[in-house]
Amino acid sequence: MTAVLANPIARRLLRIPPSYFVFLVLLATLWIARPNMLNLNIMGIFIRQIVPLGILVLGQLVVMRVKSIDLSGGGIILLINYFISSGSFPGASLPFFIVLALATGLVIGLFNGFMIGIRRVSAVIVTLAVSIILVGLVQFLSSGNPPGDVPKLFNDLYNTKFLSVPTPVLFWIMLTAVVWLLLSQTVFGRYVASVGENAEAAHFSGVPVQRTVILAHTLAGLIAAIAALVQTGSIAVGSVRVGLDLPILAVAATILGGVAFGRGDGGVWGPFFGSLCFALLFVVMTVLGIDEPGKLIAQGAIILGAAIFYGVRVRTP
């Protein structure tokens, strides 16, 4: 195995995000099994469904680039969904809910960043605990029952199209481009890369390591809030379970996209295609007549494959 990993060709292949290979395999499978499904309108419907996951991945890849992780996204999505659907703010406008959601994500992300960057608490423990607290809070406030309906404008915006492409998909692509510019063209992006490569060396080089970690988690909280707004618009109702499975899928899509802890060879677009893989997987499983248990097994297999890939990458110089 060591000899194989030492091979220059193998090392070059390992630098290519596996999400590209998985995406091509799923696309070829769909083309063979049901070529008529490769229609812009049909694919747009399926891809639109994973936009909240794709947005959450953007925050996950930022924190993973600084050797951290964020599992609180599901709780943030659930809490914001409750705020919008519970009727706690009668007569509130769309801008009010957007500001409320973004403020909620920022505060939670800032808390995560402070605990991880300053207090040096385990990122897994902090963000998982925060998610559990938020889920419990929503369960308490709603008495375990779905809160209510979401203002119709949210679902109307979610269902709009521009040049036959669903607006949420276009928004996801633009947001991905913004994060790409942030990480590749700004001082913050250089700080993130330095901390990911070697936090101690970055500190002695004058990089504000703690502040970078805090900002990374704050940004992840903000992005999770954006994902919550899109997710709420997609389901159009209140829920006590919405979004809880997205954080682990976001981790899997990020690693599948070539971004491991501190290593960002996949950039932003590798995880983008990692998210698309889950959309195509759902389409392929549906076309092949595989029911929900089979889809869960396939998702688990992809997550396991991502973990194995990460293990191989960290042993490869």
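Preceding this section is the structure that the text describes.
Residues numbered from 1 in each chain as written. Predicted model: local features only at pLDDT ≥ 70, side-chain atom pairs only at ≥ 80, totals over all residues. Heavy atoms only, no water.

1. A look at the packing of helix H6 (residues 73–85) against helix H7 (residues 94–118)
Packed helix pairs are specified by the crossing angle of their axes together with the interaxial distance, meaning the distance between the axes. Here is the rule we go by: The axes used here are C-alpha line fits, helices contributing only the stretch in contact, and every angle between their N-to-C directions lies in the interval 0 to 180 degrees. Secondary structure follows DSSP: runs of H or I at least 4 residues long count as helices, runs of E at least 2 residues long count as strands, and numbering of each begins at the N terminus. What sets the label is the angle itself: under 35 degrees gives roughly parallel, over 145 gives roughly antiparallel, 65 to 115 gives roughly perpendicular, and the rest give oblique. By definition, any crossing whose near helix is turned counterclockwise from its far helix by less than a right angle is left-handed, and any crossing with a clockwise turn is right-handed. Pairs of residues are marked as contacts when any of their non-hydrogen atoms sit within 4.5 Å. Note that Gly is not counted as nonpolar here; it falls among the polar residues with everything else outside the nonpolar set of Ala, Val, Leu, Ile, Met, Phe, Trp, Tyr, Cys and Pro and the charged set of Asp, Glu, Lys and Arg.
Where H6 meets H7, the closest approach of the two axes is 10 Å, and the angle between their N-to-C directions is 150°. Compared by their axis directions, H6 and H7 come out roughly antiparallel. Read as a crossing pair, H6 and H7 show a hand that is right-handed. Residues Ile76, Leu79, Ile80, Phe83 and Ile84 of H6 lie in contact with H7, whose contacting residues are Phe97, Leu100, Ala101, Thr104, Gly105 and Ile108. When the residues that make up the contact of H6 with H7 are grouped by side-chain class, the tally is nine nonpolar, two polar and no charged.

2. What about the pattern of salt bridges?
Any two side chains of opposite charge can pair, so long as their charged atoms come close to each other. What counts is decided by this rule: A pair is scored as a salt bridge if a Lys or Arg side-chain nitrogen falls within 4 Å of a carboxyl oxygen belonging to Asp or Glu. Only protein chains enter the area calculation, which uses a 1.4 Å probe; residues under 20% of their type maximum are buried, those over 50% are exposed, and those in between are partly exposed.
Tallied over the entire structure, the rule returns one salt bridge. A salt bridge links Lys152 to Asp156; the shortest N-O distance between them is 3.0 Å. With Lys152 and Asp156 both in helix H9 (residues 152–158) and four residues apart, the pair spans about one turn of that helix. We classify Lys152 as exposed; its relative accessible area is 61%. Accessibility expressed as a relative area gives 34% for Asp156, which makes it partly exposed.

3. Section: the side chain of Ser239
To keep it simple, the criterion reads: Residues adjacent in sequence count toward polar contacts only when both atoms are side-chain atoms; beyond that, a polar contact is any pair of N or O atoms within 3.5 Å, and within protein one must be able to donate a hydrogen and the other to accept it.
For Ser239, the position within the fold is in the loop between helix H13 (209–235) and helix H14 (246–256). Its relative accessible area of 16% is what places Ser239 among the buried residues. One polar contact links the side chain of Ser239 to the main-chain amide nitrogen of Val242, over a distance of 3.2 Å. Apart from the residues lying within four places of it in its own chain, the contact partners of Ser239 are Leu78, Asn81 and Pro147.

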